[in-house]
Amino acid sequence: LGVPVLNFSVFGDASDFRGIGADQARFRRMGAMKVAAFLSLLRRGRPVLCSDVDTVWLADPEPFLRSRAAAADIAVTSDCLSREADANKRGDSRRFDPKGVWFCGHNPQNLYGVTFNTGVLFLNPTPRTLTLAERWHAKLVAPTDDWHLEDQRAFNMLVTEAFYPVVAAPPA
């Protein structure tokens, strides 16, 4: 078939990672390997599209990535699982706390925590993306007492360092 394949074992632990959910240190190590693979591709000037195995694509993402996401350093999905909460960009729905909804912290005026889901992630090979990916990898391989520090949480910690206050984008 001629399908290019990345040998994941060159980025660290070549062991079988099945069933590691309860072993956070191994899960973090697997995340560090994933980010090392991203870095390898980014350093070669290659864009990266990462999609979790449980993701279903209903259409080819390439047209979107070539148009809108091409102007971004990073495009990532959110863990805001409520369409109504996500649509509440002005915070005027009486159904939700005026300060926002947990996991929907990307909305303007939201003071709650944002959670981006790195299960669908696009990285353009820009200097800013490369810097973030290097910091992301370093955070994952650094010694820590934080047993819950895995790749998605580390990504969110780095991305949101100067994230607030969120402001609405100007109208198109």
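Refer to the structure presented above.
These numbers were taken from a predicted model, which means no experiment stands behind them.

The rules behind each value
- Residues numbered from 1 in each chain as written.
- Predicted model: local features only at pLDDT ≥ 70, side-chain atom pairs only at ≥ 80, totals over all residues.
- Heavy atoms only, no water.
- Helix = DSSP H or I, 4+ residues; strand = E, 2+ residues; numbered from the N terminus.
- Buried < 20%, exposed > 50% of the residue type's maximum accessible area, 1.4 Å probe, protein only.
- Contact = heavy atoms within 4.5 Å.
- Areas by Shrake-Rupley, 256 points an atom, 1.4 Å probe, with all protein chains shown as cover.
- Core = buried A, V, L, I, M, F, W, Y, C linked by side-chain atoms within 4.5 Å.
- Polar contact = N/O pair within 3.5 Å; in protein donor to acceptor, adjacent residues only side chain to side chain.

Draft legend 1. Looking closely at the overall build of the protein chain. When its secondary structure is counted, the protein chain shows five helices and three strands. Element order for the protein chain, N to C, with α for helix and β for strand: α-β-α-β-α-β-α-α. Within the protein chain, the fraction of its 172 residues that count as buried is 35%. Of the contacts made within the protein chain by residues no fewer than 6 positions apart, 63% connect residues no fewer than 24 positions apart. In the form shown here, the protein chain has an accessible surface area of approximately 11,200 Å², with 58% of it arising from carbon and sulfur atoms.

Draft legend 2. The arrangement of the nonpolar core in detail. Residues F38, L121, L123, W136, L140 and F155 are the most contacted members of the largest nonpolar core, which totals 19 residues. When contributions to this core are tallied by element, the ones reaching two or more residues are α1 (24-43), β1 (48-51), β3 (116-123), α4 (127-141) and α5 (151-159). A per-element tally of this core places α1 first, with five residues. Contacts of W136, omitting those with residues within four sequence positions, involve V35, F38, T118, L121, D151, A154, F155 and L158.

Draft legend 3. The arrangement of the environment of D151 in detail. If you trace the backbone, D151 turns up in helix α5. Once residues within four sequence positions are removed from consideration, D151 is found in contact with F27, G31, K34, T118, W136 and L140. At 2.7 Å, the side chain of D151 forms a polar contact with the side chain of K34.

Draft legend 4. The environment of S51, seen in detail. Here S51 shows up in strand β1. A relative accessible area of 30% means that S51 is categorised as partly exposed. A sequence separation of 68 residues divides S51 from G119, and the C-alpha atoms of the two residues are 5.4 Å apart. For S51, the contacting residues outside a window of four places in its chain are W57 and G119. A distance of 3.0 Å separates the side chain of S51 from the side chain of W57, its partner in a polar contact.

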